[in-house]
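Summary of structural features
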Amino acid sequence: MPDEEFKATLQMLVPMVVVTICKQYGMEEFEALHALYASQLYSDLERERTKLWHLSPLALAELWHQEVTTGKIVYPEEA
């Protein structure tokens, strides 16, 4: 995927993940955005080669929650 396309995908995906985190875990939008950006998940999501951008916003929110609660992330095989 060309770099510009990947950046556009992230720009669309991140707000959807943030909204999902807010709904699923009762966080305010700014708090959820900050928490997502500070996570290892986001660091991995920023790297196109991980293919995490293929996952749904719900799946990504659940992975974020897994990281926050356990300190670890177990990525699905399709990622």
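Below you will find a few notes about this structure.

Cut-offs and rules
Residues numbered from 1 in each chain as written. Predicted model: local features only at pLDDT ≥ 70, side-chain atom pairs only at ≥ 80, totals over all residues. Heavy atoms only, no water. Axes fitted to C-alpha atoms, helices over the stretch in contact; angles between N-to-C directions. Helix = DSSP H or I, 4+ residues; strand = E, 2+ residues; numbered from the N terminus. Parallel < 35°, antiparallel > 145°, perpendicular 65-115°, else oblique. Left-handed = near helix turned anticlockwise from the far one by under 90°. Contact = heavy atoms within 4.5 Å. Nonpolar A, V, L, I, M, F, W, Y, C, P; charged D, E, K, R; others polar. Buried < 20%, exposed > 50% of the residue type's maximum accessible area, 1.4 Å probe, protein only. Polar contact = N/O pair within 3.5 Å; in protein donor to acceptor, adjacent residues only side chain to side chain.

**Observations concerning the packing of helix H1 (residues 3-25) against helix H4 (residues 57-70)**
In the contact formed by H1 and H4, the axes pass within 8 Å of each other and the chain directions differ by 60°. It follows from the interaxial angle that H1 and H4 lie oblique. For the pair H1 and H4, the crossing hand works out as right-handed. Residue-level contacts link Leu13, Met16, Val17, Thr20, Ile21, Gln24 and Tyr25 of H1 to Pro57, Leu58, Leu60, Ala61, Glu62, Trp64 and His65 of H4. In the contact of H1 with H4, the residues fall into 10 nonpolar, three polar and one charged.

**Section: the side chain of threonine 50**
Within the secondary structure layout, threonine 50 lies in the loop between helix H3 (40-45) and H4. Note on threonine 50: relative accessible area 19%, which makes it buried. A distance of 2.8 Å separates a polar atom in the side chain of threonine 50 from the backbone oxygen of arginine 47.

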